[in-house]
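# Examination of the molecular architecture
Okay, here's what each chain looks like letter by letter:
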Amino acid sequence: MTRKQRRLYFVLLGMVALGGAAALVLTAMNDTLVYFYTPADLQTKHVSPDRRLRIGGLVEQGSIQHQGDVVHFVVTDLTATLPVVYRGVLPDLFREGQGVVTEGKLDGQGLFHASEVLAKHDENYMPKEVAEAIKKSGQWQEEGKKP
Amino acid sequence: MQGLANPARFMRLSKVVQPWLALASVLLIGVGLYFALFGSPADYQQGQTVRIMYVHVPSAWLGMVGYTTMALASAVGLIWKHPLADLVAKAAAPIGASFTFLCLATGSLWGKPMWGTWWAWDARLTSMLILLFLYLGYMALQSAFDDPGRGARAAAILALAGFINVPIIKFSVDWWKTLHQPASLMKMSGPTLPPSMLTPLLLMVAGFTCFFVVVLLLRVRAEIIASKIRAIRLTQIHGSHESPLADRLAG
């Protein structure tokens, strides 16, 4: 084996070992690397109630209720739901059927007290006119219900 | 590739290619910007804000292309000890770092109106920030040695180790739940953009890429000329060649 070959194998072996180590670490830290939990995660995973956490999902249709400067809405992941109460400024994209990520704390009654609400959008882009035409024709599918 | 590895031939070839690439990048970015700002529709959700995409996505692309170039050149430099490879890696770092910064800055400007926050510690944003720190670490390490050869070696090892981060950035939106959207452009099922938005985006990606190559060639040429000057100075001082690197470059 020449020295060049030895260096080549050394670099390749190093990259494979490092890649393997990174994969193991990232898999082990999977739960801390997610930015938010879904309402279904709250039921299956044990999340301690007094910890601050982020919940993500879609704002359920017909669930938004404004009471003064307090807003109530329900976050759904289409399998489980979570009622949320929030006082503060909402992002422009916030509306029923839209993805949201909200940070706050669960109380004893299963109500989520949010201190921050962020809007999340999906990877689909479309001209305004096209979206309106599709909505008019009745073919529109809400986010999250797309195949 | 073997032919390009000769510094003298590289100087000749790059001199021919450079003006054409510069012209292509000006044309592509010019036409791309026109379509991005005037000739493309507003998005049904994001309105006019979507136009940030036409700078944000090409910047992110080149941040990662820059690092991949750096890592590949570092590997060639480490394994085959080729002096030109070290110069390419060194030249790519500040360009890639600039594009990574541009990606983070435009992303922040985009995040505030759309998400409602300038920054979120989700997997995509955090891994992109790590990419910027890897670039900065690379540049610092590479210039921390008095002997440029040793600096290049240490930095090459850092560049290779940090390359693990590039696939993590790409797939972060698929592996973990993030605030950042999943890929719209580079995905197996094809882009989720209409042609009216895809065209300006691809023009901008092509234009930015040409610009990257032009600046990279410019920087490598400058590095080669600088080593020649160093070699000449050393000869004047010592009356003989001291640096084998300069010897090979001066050819």
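Residues numbered from 1 in each chain as written. Chains lettered and ligands numbered in written order. Predicted model: local features only at pLDDT ≥ 70, side-chain atom pairs only at ≥ 80, totals over all residues.

Short version of the rule: UniProt positions are given in the numbering used here, feature names are shortened, and annotations may be inferred rather than shown by experiment.
Looking at an unreviewed UniProt entry, one finds chain B named Heme exporter protein C and attributed to Telmatospirillum siberiense. Per UniProt, chain B carries the Function (unreviewed entry) text "Required for the export of heme to the periplasm for the biogenesis of c-type cytochromes." The UniProt entry for chain B carries the following comment under Sequence similarities (unreviewed entry): "Belongs to the CcmC/CycZ/HelC family."

Going by the annotation in an unreviewed UniProt entry, the name recorded for chain A is Cytochrome c-type biogenesis protein CcmE, with Telmatospirillum siberiense given as the source organism. According to its UniProt record, chain A has this under Function (unreviewed entry): "Heme chaperone required for the biogenesis of c-type cytochromes. Transiently binds heme delivered by CcmC and transfers the heme to apo-cytochromes in a process facilitated by CcmF and CcmH." Chain A has a UniProt comment under Sequence similarities (unreviewed entry) that states "Belongs to the CcmE/CycJ family."

### Focus: the UniProt feature "domain: Rhodanese" (unreviewed entry) in chain B
Counted only if it meets this: Each helix is a run of H or I in the DSSP string that is no shorter than four residues. Each strand is a run of E no shorter than two, and both are numbered from the N terminus.
Within this numbering scheme, the UniProt entry marks residues 150-185 of chain B as carrying the feature "domain: Rhodanese" (unreviewed entry). Across residues 150-185 of chain B one finds 67% helix and 0% strand; the C-alpha atoms that close the span lie 40 Å apart.

### Remarks on the packing of helix α2 (residues 53-80) of chain B against helix α5 (residues 148-162) of chain B
Residues and elements named next belong to chain B. For clarity, the cut-off: Axes here refer to lines fitted to C-alpha atoms; in helices the fit is confined to the stretch in contact. Angles between the N-to-C directions go from 0 to 180 degrees. We call two directions roughly parallel when the angle between them is under 35 degrees, roughly antiparallel when it is over 145, roughly perpendicular when it lies between 65 and 115, and oblique otherwise. The handedness criterion is simple: a crossing whose near helix is rotated anticlockwise from the far helix by less than a right angle is left-handed, and one whose near helix is rotated clockwise is right-handed. By the criterion used throughout, residues are in contact when their C-beta atoms, derived from the backbone, lie within 7 Å.
Running from N to C, α2 and α5 point in directions that differ by 130°, and their axes come no closer than 9 Å. Taken together, the axes of α2 and α5 are oblique relative to one another. For the element pair α2 and α5, the recorded crossing hand is left-handed. Touching Met70, Ala71, Ser74, Ala75, Gly77 and Leu78 of α2 are Ala152, Arg153, Ala156, Ala159 and Leu160, all from α5.

### Brief notes about the interface of chain A and chain B
In plain terms, the rule: Polar here means any residue outside two lists: the nonpolar Ala, Val, Leu, Ile, Met, Phe, Trp, Tyr, Cys and Pro, and the charged Asp, Glu, Lys and Arg; Gly therefore counts as polar.
Counting residues at the interface gives 32 residues for chain A and 35 residues for chain B. Of all elements in the fold, only α1 (3-28), β6 (112-120) and α4 (128-137) of chain A reach the threshold of two or more residues within the side of chain A that touches chain B. The element that contributes the greatest number of residues to the side of chain A that touches chain B is α1(A), accounting for eight residues. Here the residues of the side of chain A that touches chain B sort into 20 nonpolar, four polar and eight charged.

### What to know about the UniProt feature "transmembrane region" (unreviewed entry) in chain B
Residues and elements named next belong to chain B. In the UniProt entry, the feature "transmembrane region" (unreviewed entry) is given for residues 20-40, 60-80, 92-111, 123-141, 153-173 and 193-218. End-to-end, the C-alpha atoms of residues 60-80 are 30 Å apart, and along that stretch the chain is 100% helix and 0% strand. For residues 153-173, the helix share is 90%, the strand share is 0%, and the end-to-end C-alpha distance is 33 Å.

### A few points about the nonpolar core
Residue and element names in this part refer to chain B. What counts, and what does not: Structurally, a nonpolar core is described as a collection of buried Ala, Val, Leu, Ile, Met, Phe, Trp, Tyr and Cys residues joined by way of C-beta atoms within 7 Å. Exposure criterion: with C-beta atoms placed from backbone coordinates, a residue whose C-beta has 20 or more other C-beta atoms within 10 Å is buried, one with 12 or fewer is exposed, and one in between is partly exposed.
Ranked by internal contacts, the top residues of the largest apolar core, which has 89 residues, are Val88 and Ala92. Broken down by element, this core gets its largest block of residues, 16 residues, from α2. When near neighbours in sequence (up to four residues on either side) are disregarded, Ala92 contacts Gly66, Thr69, Met70, Ala73 and Leu216.

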